[in-house]
Amino acid sequence: QRDDVIGRHIGMLLPAFEPHICADALKRHLMVEDQACTSVAREVTARRKDGSVVPMEFRVNAATIEGAPMLIGTIRDISERKDAEAKLREEAEHLQAVMNTVIDGLITIDSVGRIQTFNSSAVRIFGYQPEEVIGQNVRILMPDPYHSEHDSYMRNYMETGDKKVIGVGREVSARRKDGSIFPMELGVNEMTISGERMFVGTIRDITERKEAENAIASYVRKLKLSNAELDEFAYIASHDIKEPLRGLSSNATFLQEDYEEKLDAGGVKRLNRMRYLCERMERLVDDLLYYSRIGRQDLAVQPTDLNEVIRDIEDMSEATLRDANAVIVTPEPLPTITCDLPRITELFRNLISNGVKYNDKPTKVIEVGVTTTETLEEDAAPERVFYVKDNGVGIAPEFHDSVFRIFKRLNEEDDEVKGTGVGLTFVKKIVERHNGRIWLSSEQGRGSTFYFTLNAHAGAEND
Ligand code: ADP
């Protein structure tokens with residue numbers, strides 16, 4: 001109450017105001033010749049009657065009232081403002097902590113390109129301490145030509161709103177404190193803070209990713225080269241092998257023709273066997289040549305009606321199918337796809353003829369159809385899958401991969417029907433040339449199903 005304080009020293013309310021401070025203020029006032037003067041507002045701690053303290057803004061005016069110098073103090077309770085300030089500080093600290101824990105570098109710049117904030121990751125990425133860069137133009141982080149272009153780029157954006165990086169991420173080069181240049185992924189977004197346009201940049205050092213990408217690209221180049229060399233090698237080697245082989249075969253024939261009466265039955269049999277083996281080797285070499293050709297030649301893709309492909313195969317192998325008591329069924333019409341017609345015909349012909357060849361059932365049924373990876377519960381992106389299914393002898397699981405290997409055969413037939421073990425190798429190569437993959441499922445004794453995808457598109461077949 002008023003009575004509690006009148007006549008007592010101000011120090012009871014404002015502990016900081018010791019008597020000599022008041023005396024000094026009074027003296028200063030008297031020195032400025034009677035004129036009212038106002039001290040600047042200062043923050044002080046005031047004490048309430050109950051002993052609790054509150055922050056106050058305190059201002060002192062000096063005046064001469066009825067001839068006597070007086071000090072007039074005005075005080076204002078600023079505890080609310082103080083609370084709000086503390087809260088703001090807390091929020092700013094919180095924000096700072098978040099900024100400093102994100103893995104990406106975060107940099108904010110103002111509308112003329114001056115760096116305002118620089119988080120811990122930016123420090124780690126660039127090697128600068130915040131105090132070295134804050135207030136500097138952001139172009140110190142850029143190598144040329146960005147370094148010199150950045151100002152005009154920003155000016156142009158501010159004037160025309162023409163965006164080049166804002167809102168879209170892109171890969172750019174950046175410069176560390178030590179001058180080294182590195183690739184980074186940069187995302188820039190605009191924001192307005194207290195009416196001022198600001199830009200926030202997110203930065204990720206992608207040196208490692210770039211190195212990995214380059215390494216992969218270099219492996220791919222080398223692989224392509226060695227693949228091409230292998231195909232080339234197979235081609236040359238096959239050509240060179242064929243010549244002496246022909247010589248061997250014709251010499252065996254001459255020997256038989258010229259010396260038949262001098263040889264006994266055993267000798268003739270051996271010569272026949274020799275000629276057969278020469279023929280067989282020639283077939284193997286031809287297959288090898290053909291294999292290298294599939295790899296070396298460009299595909300000629302065109303829209304192809306697969307129903308016609310199957311009809312052609314049926315027509316061409318009518319006699320074989322009839323003799324083997326085999327039928328080809330297509331549960332649903334097949335689609336028209338973009339592919340290399342002769343190669344795709346060969347692919348289906350190989351799969352169908354295998355389904356007939358490796359089949360011990362009285363009626364051999366070969367089903368050709370189309371399904372999807374989803375229906376097959378394949379753990380792959382949704383894709384169309386073709387299949388050729390037979391009710392033949394089946395393939396043991398341990399051979400599901402190796403059947404596709406060149407010259408790999410599982411059955412021992414007599415010489416008359418003996419294949420060369422290349423059919424599935426061709427099939428696989430044709431599928432791969434069409435950017436597809438092939439696999440199989442089989443139940444021994446019940447049959448096999450070969451599944452494959454084809455993704456050739458005009459213009460993309462030559463890779
Ligand atoms: P080839 O038929 O000339 O022997 P392939 O490469 O076409 O060569 O087939 C390799 C081997 O895989 C065959 O020898 C055969 O044992 C097995 N095979 C291929 N297709 C089937 C099938 N549909 N059912 C059972 N076995 C098969």
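Residues numbered from 1 in each chain as written. Predicted model: local features only at pLDDT ≥ 70, side-chain atom pairs only at ≥ 80, totals over all residues. Heavy atoms only, no water.

**Let's talk about the packing of aromatic side chains**
Geometrically, a pair of aromatic rings is defined through the distance of the ring centres and the angle of the planes.
Here is step 1 of the chain: Inspection of the entire model under this criterion finds 10 aromatic pairs.
Here is step 2 of the chain: Their ring planes at 65° and their centres at 5.6 Å tell us that Phe348 and Phe452 sit as a pair that is edge-to-face. With Phe348 in helix H11 (residues 341–357) and Phe452 in strand S16 (residues 447–452), the pair connects residues that are 104 residues apart, well separated along the chain.
Here is step 3 of the chain: We classify Phe348 as buried; its relative accessible area is 1%.
Here is step 4 of the chain: Each ring, one from Trp439 and one from Tyr451, has its centre 5.6 Å from the other, and the planes form 25°; the classification is stacked. (Phe/Tyr/Trp six-rings, centres within 6.5 Å; stacked < 30°, edge-to-face > 60°. Helix = DSSP H or I, 4+ residues; strand = E, 2+ residues; numbered from the N terminus. Buried < 20%, exposed > 50% of the residue type's maximum accessible area, 1.4 Å probe, protein only.)

**Remarks on the sheet that holds strand S11 (residues 326–329)**
Here is step 1 of the chain: Strands sit in the order S11-S13-S14-S16-S15 across an open sheet of five strands; the sheet is mixed. Edge positions in the sheet fall to S11 and strand S15 (438–443), since each has one partner strand and no second. For this sheet the average axis-to-axis angle between neighbouring strands, irrespective of direction, equals 15°.
Here is step 2 of the chain: Lying over the sheet, H11 contacts S11, strand S13 (364–372), strand S14 (384–390) and S16, oriented at roughly 135° with respect to S13. (Pairing = 2+ DSSP bridges. Axes fitted to C-alpha atoms, helices over the stretch in contact; angles between N-to-C directions. Contact = heavy atoms within 4.5 Å.)

**Focus on the sheet that holds strand S5 (residues 105–110)**
Here is step 1 of the chain: Taken in spatial order, the five strands of this open sheet run S6-S5-S9-S8-S7, and their pairing is antiparallel. Here the strands that pair on one side only, and so sit at the sheet edges, are strand S6 (115–118) and strand S7 (170–175). Taken over all neighbouring pairs, the strand axes of this sheet differ in orientation by 35° on average, direction set aside.
Here is step 2 of the chain: The strands touched by helix H6 (residues 146–160) are S5, S7, strand S8 (181–193) and strand S9 (196–205); relative to S9, the strand with the most contacts, the crossing angle is about 140°.
Here is step 3 of the chain: This element, helix H7 (residues 207–259), spans S7, S8 and S9 of the sheet and lies at about 135° to S8.

**Remarks on the packing of H7 against helix H8 (residues 265–296)**
Here is step 1 of the chain: Across the interface, H7 lies against H8 with an axial gap of 9 Å and an inter-helix angle of 160°. In this view, H7 runs roughly antiparallel relative to H8, as classed from their interaxial angle. Considering the relative orientation of H7 and H8, their crossing is left-handed.
Here is step 2 of the chain: Here the contact of H7 with H8 is built from residues that sort into 15 nonpolar, eight polar and eight charged. (Parallel < 35°, antiparallel > 145°, perpendicular 65-115°, else oblique. Left-handed = near helix turned anticlockwise from the far one by under 90°. Nonpolar A, V, L, I, M, F, W, Y, C, P; charged D, E, K, R; others polar.)

**Topic: the pattern of salt bridges**
Should the charged atoms of two oppositely charged side chains come close, the side chains can pair.
Here is step 1 of the chain: For the structure on display, the rule yields 23 salt bridges.
Here is step 2 of the chain: Where Asp205 meets Arg176, a salt bridge forms, and the shortest distance between an N and an O atom there is 3.5 Å. In this pair, Asp205 sits in strand S9 while Arg176 sits in the loop between S7 and S8, placing the two residues 29 residues apart along the sequence.
Here is step 3 of the chain: Residues Asp360 and Lys361 are paired through a salt bridge, measuring 2.9 Å at the closest nitrogen-oxygen approach.
Here is step 4 of the chain: The class of Lys361 is partly exposed, set by a relative accessible area of 21%.
Here is step 5 of the chain: Three or more residues joined by partner-sharing salt bridges are found here, namely Glu43, Glu57, Arg76, Arg81, Lys82 and Glu85. (Salt bridge = Lys/Arg side-chain N within 4 Å of Asp/Glu carboxyl O.)

**Some points on the environment of Asp390**
Here is step 1 of the chain: With respect to the helices and strands, Asp390 occurs in strand S14.
Here is step 2 of the chain: Here Asp390 falls in the buried class, since its relative accessible area comes to 11%.
Here is step 3 of the chain: C-alpha separation for the pair Asp390 and Phe450, spaced 60 residues apart in sequence, amounts to 8.9 Å.
Here is step 4 of the chain: Non-local contacts of Asp390, meaning those with residues more than four positions away in its chain, are made with Gly355, Asn359, Val365, Ile366, Arg446, Gly447 and Ser448.
Here is step 5 of the chain: One polar contact links the side chain of Asp390 to the main-chain amide nitrogen of Gly392, over a distance of 2.8 Å. (Polar contact = N/O pair within 3.5 Å; in protein donor to acceptor, adjacent residues only side chain to side chain.)

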